[in-house]
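Geometric and topological summary
Each chain, letter by letter, is given below.
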Amino acid sequence: MKKIFLVDDSALMRSVLSDIINSDSKFHVEATARDGVEALEMLKKSNTYDVMVLDVNMPKMNGIELLKKLNEEKIRIRTMMASTDTVEGAKVTMDALELGAIDFVHKPDRASACKGEDFTKDFLTTLWSVSVSKLPTIVSVNKTDKPADKKIDKQIIQAVQKNTASISGNKIVAIASSTGGPRALQAVIPKLPKNLKAPVVLVQHMPVGFTASLATRLDSLSEIHVKEAAEGDELQRGTVYIAKGGIHMHIEKNASGKCVIHFKDGPTREGVKPSANFMYESLANSSYDEVVCVVMTGMGADGTEGIKNLKASKKVHVISQDEESCTVYGMPRAVATAGLSNQVVSLDKIAQEIVMNVGVT
């Protein structure tokens, strides 16, 4: 049974969330705290919890301030944030993920709204994925620090430029990531050059309202242009298109034969929406000669079936993240177990391998 530490300033919310957590036999709320100050003192005395469920907005010390303190004190604990879906809430969530939080749920403003079946299912699914993830690494909280290893390897690009003749064809990069993905993507996307010889489409499992903030954050760190995909976007080389949260992204040919983004609502697949499976399968009818599929950290198996189906009609090269560098070795494991991986590489090598496979202009 996983021991849960619940931190929320609302007594009613603590009661409602405790009921949800304790309703699943895999979890038990071992302790609660009303704010970051109380939580920090409790964690200093004893840190035997499997997961901390952390509210963002609290008096005395909020969730972000607590995460910074935990990094300063070198206290490692798996953390799941409870976030609001406002623009500001989404930005703060990105901050929390950078500071070591592993995943988050969108928490309704009212405790009564948390009692619905959809929220309960989402909450418990996310809690489980966080509970089986690796402990987070300690993060420097110095504001002048940049994400580690984001510098583009100029030697790799020069080597590719010298060998552009060997990298031919019209290619696209398609990335899938989930739990641990937002932070892992900061080790990949900022290393891609702006003159990458392919567009990049990306499915990161996130709810509505959060993918725009992820795109903005990655764009600010990168040479390559990163945007939240919009309906009708015509795919351009040297641009990363992040699927919107809460809806499936497909790539389709328009009347003039150009590949464009098209969103389709519908049920979840593999329990997620957007689904990487749909994205991969939609590329079967595209004009691209080859699809470079990249499967990164995440719970479950989204991407495996889609790649398998895509391989029936397209040349596909699959790069999967290795177990050691994954927060959760689920999605990459599924791809590797299915015998689909052409390369299994550590997180810090993924960008390099993308560049080596598609080239630069």
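Residues numbered from 1 in each chain as written. Predicted model: local features only at pLDDT ≥ 70, side-chain atom pairs only at ≥ 80, totals over all residues. Heavy atoms only, no water.

So, unusual backbone geometry
Applicable threshold: What counts as a helix is a DSSP run of H or I of at least four residues, what counts as a strand is a run of E of at least two, and both are numbered from the N terminus. Each residue's exposure class comes from its accessible area (1.4 Å probe, protein chains only) as a fraction of the maximum for that residue type: buried when under 20%, exposed when over 50%, partly exposed otherwise.
Between Lys273 and the following residue, Pro274, the backbone shows a cis peptide bond with an omega angle of 10 degrees. Here Lys60, not a glycine, exhibits a phi torsion of approximately 65 degrees, which is positive. One can find Lys60 in the loop between strand 3 (51-55) and helix 3 (63-72). Phi at Lys74 takes a positive value of approximately 55 degrees, unusual for a residue other than glycine. Examined against the element boundaries, Lys74 turns out to sit in the loop between helix 3 and strand 4 (79-83). Using a relative accessible area of 61% as the deciding quantity, one classes Lys74 as exposed.

Considering the packing of helix 4 (residues 87-98) against helix 8 (residues 211-221)
Spelled out, the test is: For helices, the fitted line uses only the C-alpha atoms of the stretch in contact; every axis is such a line through C-alpha atoms, and the angle between N-to-C directions lies from 0 to 180 degrees. The scheme is simple: roughly parallel for angles under 35 degrees, roughly antiparallel for over 145, roughly perpendicular for 65 to 115, oblique for anything else. Crossing handedness: left-handed means the near helix sits turned counterclockwise from the far one by under a right angle, and right-handed means the same turn made clockwise. Any two residues whose heavy atoms approach within 4.5 Å are treated as being in contact.
Look at helix 4 against helix 8: their axes get within 9 Å of each other, and the N-to-C directions meet at 55 degrees. With respect to each other, helix 4 and helix 8 are oriented oblique. Crossing angle aside, the handedness with which helix 4 passes helix 8 is right-handed. Between helix 4, through Val87, Ala90, Lys91, Met94, Asp95 and Glu98, and helix 8, the contact on the second element is made entirely by Ser213, Leu214 and Arg217.

Brief notes about the domain arrangement of the chain
Using the following cut-off: What marks off one domain from the next here is an automatic or database domain assignment. Put simply, buried area is how much 1.4 Å-probe accessible surface two parts lose in total, over both of them, once they are put together.
Domain annotation for the chain reports domain 1 (2-132) and domain 2 (154-358). Between domain 1 and domain 2, the residue contacts involve 20 residues of the former and 16 residues of the latter. Summing the contributions of domain 1 and of domain 2, the shared interface buries around 1400 Å²; its carbon and sulfur component is 68%. Its largest share of buried area at the contact with domain 2, domain 1 owes to Met94, Glu98 and Phe104, together 38% of the area lost on that side.

Here's the deal with the nonpolar core
For the record, the criterion: Buried Ala, Val, Leu, Ile, Met, Phe, Trp, Tyr and Cys residues that are joined via side-chain atoms within 4.5 Å together make up what is termed a nonpolar core.
Membership of the largest hydrophobic core comes to 61 residues, with the highest contact counts inside it found for Ile175, Ile189 and Ile354. Counting contributing residues, this core receives three or more from each of domain 1 (2-132) and domain 2 (154-358). If near-sequence neighbours (up to four positions away) are discounted, Ile175 is found in contact with Leu185, Ile189, Val200, Val201, Leu202, Val203, Met279, Tyr280, Val294, Met296 and Ile354. Ranked by size, the runner-up nonpolar core spans 29 residues in total, among them Met249, Ala276, Tyr280 and Cys293.

Some words on the sheet that holds strand 14 (residues 343-345)
For clarity, the threshold we go by: Strands are treated as partners if at least two bridges between them are detected by DSSP.
Strand order in this open sheet of seven strands is 8-9-7-6-12-13-14, and the pairing throughout is parallel. Every other strand in the sheet has two partners, leaving strand 8 (225-228) and strand 14 as the edge strands with one partner each. Across the sheet, the mean angle separating the axes of adjacent strands is 20 degrees when strand polarity is ignored. Bridge analysis of strand 13 (residues 315-321) against strand 14 gives three bridges, and the strand direction is parallel.

Remarks on the side chain of Thr79
Just so we agree on the cut-off: We define a polar contact as two N or O atoms separated by no more than 3.5 Å, with the added condition that, inside protein, one atom must be a possible hydrogen donor and the other a possible acceptor, whereas residues neighbouring each other in sequence contribute only through side-chain atom pairs.
With respect to the helices and strands, Thr79 occurs in strand 4. According to the relative accessible area criterion, Thr79 is buried, its value standing at 1%. A distance of 3.2 Å separates a polar atom in the side chain of Thr79 from the backbone oxygen of Ile77. In this view, Thr79 contacts Met52, Leu54, Leu67, Ala101, Ile102, Asp103 and Val130; residues no more than four positions away in its chain are not counted.

A closer look at the pattern of salt bridges
So the rule is basically this: The rule for a salt bridge is simple: a side-chain nitrogen of Lys or Arg has to be within 4 Å of a carboxyl oxygen of Asp or Glu.
Inspection of every chain in the model, using the stated rule, returns 17 salt bridges. A salt bridge links Lys264 to Glu252, with the shortest nitrogen-to-oxygen separation between them at 3.2 Å. Of the two residues, Lys264 is situated in strand 11 (residues 259-264) and Glu252 in strand 10 (residues 248-253); the sequence distance between them amounts to 12 residues. By relative accessible area, which is 34% here, Lys264 ends up partly exposed. Through salt bridges with shared partners, a single network forms among Lys91, Asp95, Glu98 and Arg217.

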